[in-house]
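# Structural characterization, general
What follows is each chain in one-letter form.
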Amino acid sequence: MKRLLVILLLGYPLLTPGLDLTRGSPPTTGGFPSGQEQRSSRPNKATGSKAKDAISRLQRGDALFAQKEYEAALLFFQGIMEDDPDYWLAYQHAAWALDALGRTDEAIQAAEKANSLNENARTHTNLVYFYLKKGQIERAVSHGRRAVELDPGAWQTHTALGDAYISAGEFDRALAAFKRANEIQETSDAWVGIGWTQFQQRQYDMAVASLEKAVQLESATRTMLFEARARIAYSNGRLDQAIAEMTEAIASTEDKHRQESLQGDLAQYWLEKGDFA
């Protein structure tokens, strides 16, 4: 999972360490449980064979996306958009591909277009993370609130709102949103959100316990657990432990960008320890 990691131990970061900015984005994930996102107030004009062709092309694009062939997937989605400008799902899936390609501004435009054709909770949820990537926190919060209004029974909407709140520094509201998400369905995403919120509040023991629960549900989140332990040790002046935990964090992820970010922190720890090798 891609993560954008920015941490300032003596102040609030633009984005929270461990925050997953791709939650709910890939078309390979399941839809929201209520199915709300599929009910369009402005149905597509295409019918019959044309509609079936659009669906088939959308599925082919999704298959390419799942294989990380993002440029090829985008071409399929754009082709549908050209043939049927009112097919909102094509814009939504194009937004995912554009985001995966690092073209966040264009992803926002595509997602906003999808919402103009058929306002739905999932697109609002996607927009939360797109706007967080751009540092537009107020817009992210606004989309998170609207997502919850449209689909209060989906854990994804509450998790997205919690991520927006934690980025805005509204920790009590963030905790409430993550806890509500867990009431609907316990997930590692919600426990990660709870853990990092507690971390920002300096509730370190509680933060570690929450992240351990996330790891029990999804082993891939162990990187964040190691990272949290490293940062807690560093803040308490325990450099040897911080170095050991951060080394484990780096070894536990295959994400190159994540590794580079964590390696920068590890290098700082070594410098403060006085090891310049």
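This text goes with the structure placed above it.
### Section: the overall build of the chain
Along its length, the chain carries 13 helices and zero strands. Along the chain, helices (α) and strands (β) appear in the sequence α-α-α-α-α-α-α-α-α-α-α-α-α when read from the amino end. Here the chain holds 277 residues, and the buried ones make up 53% of them. Accessible surface for the chain amounts to roughly 12800 Å². Of this, 50% is attributable to carbon and sulfur atoms.

### A short note on the packing of aromatic side chains
Overall, the coordinates contain four aromatic pairs when judged by the stated rule. Three or more aromatic residues joined by ring pairs form one cluster here, namely Trp196, Phe199 and Tyr204. Lysine 113 extends its terminal NZ or CZ atom over the ring of tyrosine 91, reaching a point 6.0 Å from the ring centre.

### Comments concerning the nonpolar core
Ranked by internal contacts, the top residues of the largest apolar core, which has 60 residues, are Phe65, Tyr87, Val128, Phe130 and Trp196. Ranked by residues supplied to this core, first place goes to helix H3 (residues 88-100) with ten residues. If we skip the residues at most four places from it in the chain, valine 128 touches Ala140, His143, Gly144, Ala160 and Ala164. If you look at the next biggest cluster of nonpolar residues, it comprises twelve residues, including Ala230, Ile243, Leu266 and Tyr269.

### Overview of the pattern of salt bridges
A side chain of one charge can pair with a side chain of the opposite charge if their charged atoms are brought near each other. Throughout the structure, instances matching the rule amount to 14 salt bridges. Between glutamate 183 and arginine 180 there is a salt bridge; the shortest N-O distance is 3.1 Å. Residue glutamate 183 and its partner arginine 180 are located together in helix H8 (residues 171-184), separated by three residues, close to a single helical turn. On the accessibility criterion, glutamate 183 (58% relative accessible area) is exposed.

### Section: the environment of leucine 58
Mapped onto the secondary structure, leucine 58 falls in helix H1 (residues 48-66). On the basis of relative accessible area, leucine 58 is assigned to the buried category, the value being 7%. When sequence neighbours within four positions are dropped, the list of residues in contact with leucine 58 reads Phe77, Ile80, Tyr87, Leu89, Ala90 and His93.

### Considerations on the packing of helix H6 (residues 137-150) against helix H7 (residues 155-167)
Contact geometry of H6 with H7 gives a least axis separation of 8 Å together with a crossing angle of 155°. In terms of orientation, H6 and H7 fall into the roughly antiparallel class. Note on packing geometry: the crossing formed by H6 with H7 is left-handed. Counting all contacts with H6, which are made through Ile137, Ala140, Val141, Gly144, Arg145, Ala147 and Val148, the residues of H7 involved are Thr157, His158, Leu161, Ala164, Tyr165 and Ser167. Taken together, the residues that form the contact of H6 with H7 break down as eight nonpolar, four polar and one charged.

### Looking at the packing of helix H10 (residues 204-217) against helix H11 (residues 222-235)
Where H10 meets H11, the closest approach of the two axes is 8 Å, and the angle between their N-to-C directions is 165°. Between H10 and H11, the angle falls in the class roughly antiparallel. By crossing handedness, the relation of H10 to H11 is classed as left-handed. Taken together, the residues of H11 that come into contact with H10 (itself represented by Tyr204, Val208, Leu211, Glu212 and Val215) are Arg222, Met224, Leu225, Ala228, Arg229, Ile232 and Ser235. For the contact of H10 with H11, the residue count by class is eight nonpolar, one polar and three charged.

### Concerning unusual backbone geometry
One non-glycine residue, lysine 68, lies in the positive phi region at around 65°. By secondary structure assignment, the location of lysine 68 is in the loop between H1 and helix H2 (70-83). The exposure class of lysine 68 is exposed, given its relative accessible area of 62%. The backbone of arginine 202 shows a phi angle near 65°, a positive value even though the residue is not glycine. You can see arginine 202 is positioned in the loop between helix H9 (188-200) and H10.

### Quick word on the side chain of threonine 104
With respect to the helices and strands, the residue threonine 104 is situated in helix H4 (residues 104-117). Residue classification places threonine 104 among the buried residues on the basis of a relative accessible area of 11%. Leave out the neighbours within four places in its chain, and threonine 104 touches Leu98, Asp99, Phe130, Lys133 and Lys134.

Rules of the game
- Residues numbered from 1 in each chain as written.
- Predicted model: local features only at pLDDT ≥ 70, side-chain atom pairs only at ≥ 80, totals over all residues.
- Heavy atoms only, no water.
- Helix = DSSP H or I, 4+ residues; strand = E, 2+ residues; numbered from the N terminus.
- Buried < 20%, exposed > 50% of the residue type's maximum accessible area, 1.4 Å probe, protein only.
- Areas by Shrake-Rupley, 256 points an atom, 1.4 Å probe, with all protein chains shown as cover.
- Phe/Tyr/Trp six-rings, centres within 6.5 Å; stacked < 30°, edge-to-face > 60°.
- Lys NZ or Arg CZ within 6 Å of the ring centre and 35° of its normal.
- Core = buried A, V, L, I, M, F, W, Y, C linked by side-chain atoms within 4.5 Å.
- Contact = heavy atoms within 4.5 Å.
- Salt bridge = Lys/Arg side-chain N within 4 Å of Asp/Glu carboxyl O.
- Axes fitted to C-alpha atoms, helices over the stretch in contact; angles between N-to-C directions.
- Parallel < 35°, antiparallel > 145°, perpendicular 65-115°, else oblique.
- Left-handed = near helix turned anticlockwise from the far one by under 90°.
- Nonpolar A, V, L, I, M, F, W, Y, C, P; charged D, E, K, R; others polar.

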